[in-house]
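# Coordinate analysis (summary)
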Amino acid sequence: MSGTPLTRAQVASMIDHTLLKPEASSQDVRALVDEATELGVYAVCVSPSMLPLRAEGVTVATVVGFPSGKHHSLIKGAEARLAVDEGAREIDMVIDVGAAVAGDYNAVLADILTVREAIGFDPVLKVIIESAVLSDEAVVEVCRAAEKAGANFVKTSTGFHPAGGATTHAVALMAETVGGRLGVKASGGIRTAEEALAMIEAGATRLGLSGSRAVLDGLQN
């Protein structure tokens, strides 16, 4: 993204302020929401057990099949439906990464379709592909499956996989594949303003950050 540098407010409007640590308490989540409001971010992303969540002026997102993706598709669908019923407006689901590695893209498609059908077409569905584990070919095919299944976003990573999180290479490949028809969420290991801006430059339209304040404080305006 060339031209005029993005302002702090513009970057903030692209952030899902995230807290998915297993040890997070309800007090931690309350602090997350308060900080999200102060920072002017787009959304908060929390574990489904933290729902329902009052977060006026901030979109509530949650995760499904997290972090392994090795849940039965029907369980993912039920988890997503319950989350929507409890007020989540955005669902970040983890695919069966092993199916993608094995090249079974029909299984990936079916997995995403099950969640999409469970929640309907109003909630936003983001598909976490764990890009650091996948070949470039697999990244492309999984993004195509996500689009075919009616997802709204493809997302790089859970941030929990030892293989790593977001890279500008993966973001650029995902953005090229979906061609603006879907959003691209960069998530996992983005800790500085420079890293965040590089992801946006590569094609990210949303950022998943746990350290949103540090990233925003690193911006010049």
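Just so it is clear, the structure is predicted and the values come from calculations on it, not from any experiment. (Residues numbered from 1 in each chain as written. Predicted model: local features only at pLDDT ≥ 70, side-chain atom pairs only at ≥ 80, totals over all residues. Heavy atoms only, no water.)

### Comments concerning the packing of aromatic side chains
- Following the criterion strictly, the structure yields one aromatic pair and no others.
- Between F66 and F160, the aromatic rings sit 5.2 Å apart at their centres with planes inclined by 85 degrees, giving edge-to-face as the arrangement. Residue F66 is found in the loop between β3 (59-64) and α3 (73-85), and its partner F160 is found in the loop between β6 (153-155) and α7 (168-178); the two are separated by 94 residues along the sequence. (Phe/Tyr/Trp six-rings, centres within 6.5 Å; stacked < 30°, edge-to-face > 60°. Helix = DSSP H or I, 4+ residues; strand = E, 2+ residues; numbered from the N terminus.)

### Let's talk about helix α8 (residues 193-202)
- Among the residues of α8, A193, A196, M199, I200 and A202 are the ones counted as buried.
- Packing partners of the buried residues in α8 comprise α1 (8-12), α7, β7 (183-187), β8 (206-209) and α9 (212-217).
- With its phi angle positive at about 130 degrees, G203 sits one or two positions after the end of α8. (Buried < 20%, exposed > 50% of the residue type's maximum accessible area, 1.4 Å probe, protein only. Contact = heavy atoms within 4.5 Å.)

### Remarks on the layout of surface pockets
- Here the largest pocket defines a volume of roughly 490 Å³.
- Along its surface, the largest pocket is lined by 22 residues, and T158, G159, F160, G189 and S210 are the ones closest to its centre.
- Of the residues in the lining of the largest pocket, the class split is six nonpolar, 12 polar and four charged. (1 Å grid on protein atoms, 1.4 Å probe; cavity = no way out; pocket = protein on both sides within 12 Å on 5 of 7 lines; lining within 4 Å. Points joined across faces, edges and corners; volume = space filled by probe spheres on them. Nonpolar A, V, L, I, M, F, W, Y, C, P; charged D, E, K, R; others polar.)

### Details of the UniProt feature "active site" (unreviewed entry) in the protein chain
- UniProt records the feature "active site" (unreviewed entry) at D92, K155 and K185, using the numbering of this structure. These annotated residues cover 94 residues of sequence, and their C-alpha atoms all fall within 10.0 Å of one another, placing them together at a single site. Within this annotated set, the largest pocket is lined by K155 and K185.
- Inspection of the secondary structure puts D92 in strand β4 (residues 90-94).
- We classify D92 as buried; its relative accessible area is 0%.
- Residue classification places K155 among the buried residues on the basis of a relative accessible area of 3%.
- Discounting residues that sit within four places of it in the chain, K155 has contacts with D92, V127, I128, I129, E130, M174, K185 and S187.
- Among the polar contacts made by the side chain of K155, one reaches the side chain of D92 at a distance of 2.9 Å. (UniProt positions renumbered as here; feature names shortened; annotations may be inferred. Polar contact = N/O pair within 3.5 Å; in protein donor to acceptor, adjacent residues only side chain to side chain.)

### Let's talk about the sheet that holds β6
- On the basis of which strands lie adjacent, the closed barrel formed by eight strands has the order β1-β2-β3-β4-β5-β6-β7-β8 and parallel pairing. For this sheet, the mean inter-axis angle between neighbouring strands, taken without regard to orientation, is 25 degrees.
- In the sheet, β6 pairs with β7 via three bridges, with the strands oriented parallel. When the sheet's bridge partners are listed, F153 is paired in β7 with G183. (Pairing = 2+ DSSP bridges. Axes fitted to C-alpha atoms, helices over the stretch in contact; angles between N-to-C directions.)

### Thoughts on the environment of G98
- Along the chain, G98 turns up in helix α4 (residues 97-101).
- Classification of G98 as partly exposed rests on a relative accessible area of 32%.
- Considering only alpha carbons, one finds G98 and E79, 19 residues apart in sequence, at a separation of 20 Å.

### Concerning helix α2 (residues 26-39)
- Look at α2: 20 Å from first C-alpha to last across 14 residues, which is about the 20 Å you get at 1.5 Å a residue.
- Looking at α2, one finds that the buried residues are V29, L32, V33, A36 and L39. Viewed end-on, α2 has its buried residues packed into an arc of 135 degrees, placing them on one side of the element. Exposed and oriented more than 90 degrees from the buried face of α2 are Q27 and E38.
- Considering only its buried residues, α2 is in contact with α1, β1 (15-19), β2 (43-46) and α9.
- Looking one or two residues beyond α2, the residue adopting positive phi is G40, at roughly 75 degrees. (Expected span 1.5 Å × (residues − 1). Arc of directions from axis to C-beta.)

### Focus: unusual backbone geometry
- Cis rather than trans, the peptide bond between L51 and P52 has omega equal to -5 degrees.
- Position of P52 among the secondary structure elements: in the loop between β2 and β3.
- In this structure, the amide linkage connecting F66 to the following residue, P67, adopts the cis form with an omega of -5 degrees.
- Checked against the element boundaries, P67 lands in the loop between β3 and α3.

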